[in-house]
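# Breakdown of the fold
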Amino acid sequence: FQSQTPGGCLQKIFEEIETITDQVLPLNTVRNILTMAFNASEKIVESSSSASPTELASYGNRVLKTSEKLISTLVKPTDTSASVNFTLPAVEGQVFMVGPQVTLHKMPRLDTTNSSVDIDLIGMSKNNIERSAAVAFMSYVTMENLLKPDFFNTSNDTVKTMMSTVISVTLPKTTNTKLTKPVNFTFRHIREFDHSGSHSCVYWNISEWIADGCYVLEFNSSYTVCSCVHLSTFALIMQTSRPPESDPLLEQLNLVCVIVGLVFFSLALLTFAFCQWSSLVNNVARINICISLLLAHLLFLLTQQFLNLIRPQQVLCAVISGLLHFLFLSGFVWMFIEAVLLFICVKNLSKISSKKRAVLSTGFLCVIGYVVALVVVCVSVGLVPKGYGSEHCWIKLDKGFIWSFLGPVCVILAANTILFINIVISLNSAFKSLNAEVSQIKQTKIMVFKTLAQFVVLGCPWILGVFTDNRKVLEIIFLILNSQQGTFIFLIYCVLNKKVREQYRKFFRCLCSNNTEDYSVTFRVTTE
């Protein structure tokens, strides 16, 4: 078959299977034929970009028909009960047979990796003259590439997603195939579950998926139980609202804003690192805010730019989402630390230096800033191991896992609000009792303004995100504020600081004088 096209090869395999007259075949023979058939069908899928839906459905029907015929050859007469099972990369199968002297009181559940079936085979055997019956259960891993979820025709325009493997249940070599009770199928979700979506238990009918005779019995974020009054080929399909079309202009604006924000994060870090600061100024929180958010925004930007390459690597995607969770959380924890430092500064205007050395050392602050975020992430991984790695390599929405991020953020923003209220009250008291120290109070007011502005800038984007709801103006405001955190930190703590501005002037004067001297030396050498 190697010299033929994939379609011709598969057609040849179909024809060979249809000519099989043996009632019973060895398991290894069935496995080998199925392996060849599914290898050929996978090659068709790889070259199916030009195939029409009718052609795909036709191939799918042939695969189902030949697979069911092959698995029926594994059924052998038995007096009591017997079973046969196999696992291939593209398909899993189980055959269970009961005879007239079966000792089982209840039919065991048939299980594959991602699905299972409960059927009253023993009750059905009693309705047969031979007092025997057999059930064949197959789970197709790649069948959705042929029998696509879009073949589920509905009146509303929705996005249809296959949430399960395609399964097939038949009753080979059984005379009376009438069900004594509905059959229950348990589908394990193979994709992220969306609680806002509509989930349908469907069966395949020649050219389309149909929901008649099947309904959802129960479900959660991990699996769905379907009940059907007939046997066929089944699947679970989720329908979700079609997302709004992406705005290219908004995407370009987002890219430019994030890059600008990253530049100013870098400038702020360089300023904190190389400028001389007063011993009374504690920049530990501000430096770590810049480090956390710079790395978080940079990683997020690179992930979204190369999402098509990263998304198929599920482990890498999950690691990236966990790292983003840690970096963004640490940024908010450092915001809380900055608010606490400001509160202590206002409460102890004349004792901030000693207070800082005695209680809030740099090492102690670093432990709080990063260990708290690390503990939250580790606990989240322990409670919901599969909570990371959504379609966008972020936290999944399953089981409310998103609250492992939103919960701490909401607590921190609430705590910062309370701290700022206390700061305003403390400043009001300071104005009344420290009239002589106007300059000190004025300096404190500047510090309050800077931290308050930082709080607003870092808090508002997350608050606005709740209210955007596809409103273009709010989306743009959210985008700008969320991406320009580095810009505002640089302006507030660097550009608006008088001593830092003086050091900037000295640096640029030195740079200009060096350039002038180099130019003069070059000019003299040239003229000589």
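The protein goes by Adhesion G protein-coupled receptor E3-like in an unreviewed UniProt entry, where it is assigned to Carassius auratus. Word for word, the UniProt comment on the protein under Subcellular location (unreviewed entry) is "Cell membrane". Per UniProt, the protein has the following entry under Sequence similarities (unreviewed entry): "Belongs to the G-protein coupled receptor 2 family. Adhesion G-protein coupled receptor (ADGR) subfamily."

## Re the overall build of the protein
A count of helical and extended segments in the protein gives 15 helices and 13 strands. Counting every position in the protein, which comprises 528 residues, the buried fraction comes to 44%. Within the protein, contacts between residues separated by at least 24 positions form 74% of all contacts whose residues are at least 6 apart in sequence.

## Regarding the state of the cysteines
Applying the stated rule across the entire model yields three disulfides. Two residues, Cys-201 and Cys-226, share a disulfide whose sulfurs are 1.9 Å apart. Residues Cys-201 and Cys-226 share a disulfide whose torsion about the S-S bond is about -75 degrees; that sign makes it left-handed. Pair noted here: Cys-201 is in strand β9 (residues 198-205) and Cys-226 is in strand β12 (residues 223-228), with a separation of 25 residues, a long-range link. For Cys-226, a relative accessible area of 1% gives the class buried. Paired through a disulfide, Cys-214 and Cys-228 show a sulfur-sulfur distance of 2.1 Å. Judged by the sign of its S-S torsion, about 120 degrees, the bond between Cys-214 and Cys-228 is right-handed. Residue Cys-214 is located in strand β11 (residues 214-219), and its partner Cys-228 is located in strand β12; the two are separated by 14 residues in the primary sequence.

## A word on the sheet that holds β11
The strands making up a sheet associate through backbone hydrogen bonding, with each pair oriented either parallel or antiparallel. On the basis of which strands lie adjacent, the open sheet formed by five strands has the order β3-β4-β8-β12-β11 and antiparallel pairing. A strand with exactly one partner marks an edge of an open sheet, and here the two such strands are β3 (110-111) and β11. Relative to strand β8 (residues 183-188), strand β4 (residues 115-118) is paired through four bridges, and the arrangement is antiparallel. Note on β8: the bridge partner recorded for Ser-116 is Thr-186.

## As for unusual backbone geometry
With a phi close to 65 degrees, Ile-206 is a non-glycine residue in the positive phi region. Along the chain, Ile-206 turns up in the loop between β9 and β10 (208-210). The phi dihedral of Cys-393 is positive, around 55 degrees, even though this residue is not glycine. Relative to the elements of secondary structure, Cys-393 occurs in the loop between α10 (362-383) and α11 (403-433).

## Regarding the packing of aromatic side chains
In the structure shown here, the tally under the stated rule is 14 aromatic pairs. Pairing Phe-264 with Phe-490 gives two aromatic rings, centres 5.5 Å apart and planes at 45 degrees, and the pair type is tilted. With Phe-264 in helix α5 (residues 248-274) and Phe-490 in helix α14 (residues 485-495), this pair connects stretches of sequence that are 226 residues apart. Judged by its relative accessible area of 22%, Phe-264 is partly exposed. Ring centres of Phe-507 and Phe-508 lie 5.5 Å apart, and the angle between their planes is 70 degrees; on these two criteria the pair is classed as edge-to-face. One aromatic cluster is present, formed by Phe-151, Trp-204 and Trp-209 through successive ring pairs.

## Regarding the pattern of salt bridges
One pass over the structure, following the stated rule, counts four salt bridges. Arg-311 is paired through a salt bridge with Glu-391; the nearest N and O atoms lie 3.7 Å apart. Residue Arg-311 is found in the loop between α7 (307-310) and α8 (314-347), and its partner Glu-391 is found in the loop between α10 and α11; the two are separated by 80 residues along the sequence. Under the relative-accessibility criterion, Glu-391 is labelled partly exposed at 44%.

## Quick notes on the pairing of strand β7 (residues 166-170)
Of all five residues in β7, five are buried; the element is thus mostly enclosed. Neither face of β7 is open: one carries Val-166, Ser-168 and Thr-170, the other Ile-167 and Val-169, and all of them are buried. Of the strand pairs in this sheet, strand β5 (residues 133-140) and β7 are connected by five bridges, and their pairing is antiparallel. When the bridges of β7 are listed, Ser-139 appears paired with Ile-167.

What counts, and at which threshold
Residues numbered from 1 in each chain as written. Predicted model: local features only at pLDDT ≥ 70, side-chain atom pairs only at ≥ 80, totals over all residues. Heavy atoms only, no water. UniProt positions renumbered as here; feature names shortened; annotations may be inferred. Helix = DSSP H or I, 4+ residues; strand = E, 2+ residues; numbered from the N terminus. Buried < 20%, exposed > 50% of the residue type's maximum accessible area, 1.4 Å probe, protein only. Contact = heavy atoms within 4.5 Å. Disulfide = S-S within 2.5 Å. Pairing = 2+ DSSP bridges. Phe/Tyr/Trp six-rings, centres within 6.5 Å; stacked < 30°, edge-to-face > 60°. Salt bridge = Lys/Arg side-chain N within 4 Å of Asp/Glu carboxyl O.

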